[in-house]
Amino acid sequence: MHFSFRFFLVMAAVIFMPAVTFAQTSETRTLEEKHFAWGVEIGTSIDVSGYDSSTLNGDVLIGYRNDLFNLLGVGIGIHHAMGSGDNYIPLYATLRTSFSKVPKLFFMSVKFGYSFNTIGDADTFGDTNASLGGGINLGKSRKFRSYLMLAYEFRHFNKKHREIVSIENQNISMMSLTLGFNF
């Protein structure tokens, strides 16, 4: 657990420092004029596979935005399982788009990456994770944008890792609800 938490703190600092520096030097530009974007998300994922892996989630994102992409970038998070106390630290690529250069109310979100997992007494190990969902833009100003997303997520465990943590299925399916903010 301590290794995973330290890793998360270091990665968050690496991601946030350029964002804070950039935000201080470009305060006169509006959200639409910036091509650099960063954001934070909080949410929950409900395990629909029955493995007691429902999580509280916190994520930090950084990337590129333009008229077509709400965000094209990378993210890192910490997802803490409420029932078992397990931790998942996903590192992923993300794409959010409404498939239009004109601002739209709804958008699609795709994530694909690798998750560092600390499950039970097992050593930290990792496997793939992915998410596909849709979102609705809640509010927008010159400096930020807020949104709500509903997505299907899965975590894939290879055979070796399934044996370590006594999981029968190779995939855990989850539904997630996320509130996010882009700056």
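So, here is what we can say about the structure in this document.

What counts and how
Residues numbered from 1 in each chain as written. Predicted model: local features only at pLDDT ≥ 70, side-chain atom pairs only at ≥ 80, totals over all residues. Heavy atoms only, no water. Pairing = 2+ DSSP bridges. Helix = DSSP H or I, 4+ residues; strand = E, 2+ residues; numbered from the N terminus. Core = buried A, V, L, I, M, F, W, Y, C linked by side-chain atoms within 4.5 Å. Buried < 20%, exposed > 50% of the residue type's maximum accessible area, 1.4 Å probe, protein only. Salt bridge = Lys/Arg side-chain N within 4 Å of Asp/Glu carboxyl O. Contact = heavy atoms within 4.5 Å. Patch = residues over 30% accessible without salt bridge, like charges linked within 9 Å, V, L, I, M, F, W, Y side chains within 5 Å. Areas by Shrake-Rupley, 256 points an atom, 1.4 Å probe, with all protein chains shown as cover. Polar contact = N/O pair within 3.5 Å; in protein donor to acceptor, adjacent residues only side chain to side chain.

So, on to the pairing of strand β1 (residues 36-47). Strand direction decides the pairing type here: β1 and strand β2 (residues 55-64), joined by 10 bridges, are antiparallel. Counterpart to Glu-41 in the pairing with β2 is Asp-59. Pairing geometry for β1 and strand β8 (residues 171-182), over nine bridges, is antiparallel. Pairing of Val-40 across the sheet is with Phe-181, part of β8.

For the rest of this paragraph, the subject is the nonpolar core. Counting eight residues, the largest nonpolar core is built from Ala-81, Tyr-88, Ile-119, Phe-125, Phe-157, Ile-167, Ile-172 and Met-174. With seven residues, the next largest nonpolar core counts Leu-71, Tyr-92, Tyr-147 and Met-149 among its residues.

Relative to the helices and strands, Ile-62 is located in strand β2. Linking Ile-62 and Val-74, residues 12 residues apart in sequence, is a C-alpha distance of 5.7 Å.

Below, the discussion takes up the pattern of salt bridges. The tally for this structure, following the rule as stated, stands at two salt bridges. Here Glu-41 makes a salt bridge to Arg-96, at a shortest N to O gap of 2.5 Å. A residue pair is termed long-range when its members are at least 10 positions apart, and Glu-41 in strand β1 and Arg-96 in strand β4 (residues 87-97) qualify at 55 residues. We note a salt bridge from Glu-41 to Lys-111, for which the minimum N-O separation is 3.6 Å.

So, about the environment of Ala-151. Among the structural elements, Ala-151 can be located in strand β7 (residues 145-156). Sequence spacing of Ala-151 and Val-110 is 41 residues, and the spatial spacing of their C-alpha atoms is 8.9 Å. Each residue touching Ala-151, except ones within four places of it in the same chain, is listed here: Ser-131, Leu-132, Gly-133, Met-174, Met-175 and Ser-176.

What follows covers a nonpolar patch on the surface. Nonpolar side chains collect at one region of the surface, where Ile-46, Val-48, Leu-138, Leu-148, Leu-150, Tyr-152, Met-175 and Leu-177 lie side by side and expose about 700 Å² of accessible area between them. By residue number, the principal contributor to the nonpolar patch is β7, which donates three residues. Summarising the element assignment, Leu-150 is placed in strand β7.

Before going further, it helps to spend a moment on unusual backbone geometry. A positive phi is found at Phe-99, a non-glycine position, where the angle reads about 60 degrees. Locating Phe-99 in the fold gives a position in the loop between β4 and β5 (106-118).

Once that is clear, we can look at the environment of Thr-178. Counting through the fold element by element, Thr-178 comes out in strand β8. Since its relative accessible area comes to 9%, Thr-178 is described here as buried. Taking the C-alpha atoms as reference, Thr-178 lies 5.7 Å from Leu-148; in sequence the two are 30 residues apart. Ignoring sequence-local partners within four residues, the contact set of Thr-178 consists of Glu-41, Ile-42, Gly-43, Tyr-147, Leu-148 and Met-149.

Turning next to the side chain of His-79. Position of His-79 among the secondary structure elements: in strand β3 (residues 69-81). By relative accessible area, which is 6% here, His-79 ends up buried. At 3.0 Å, the side chain of His-79 and the side chain of Asp-59 are in polar contact. Excluding residues within four positions of it along the chain, His-79 makes contact with Thr-55, Leu-56, Asn-57, Gly-58, Asp-59, Asp-86, Asn-87, Tyr-88, Pro-90 and Arg-155.

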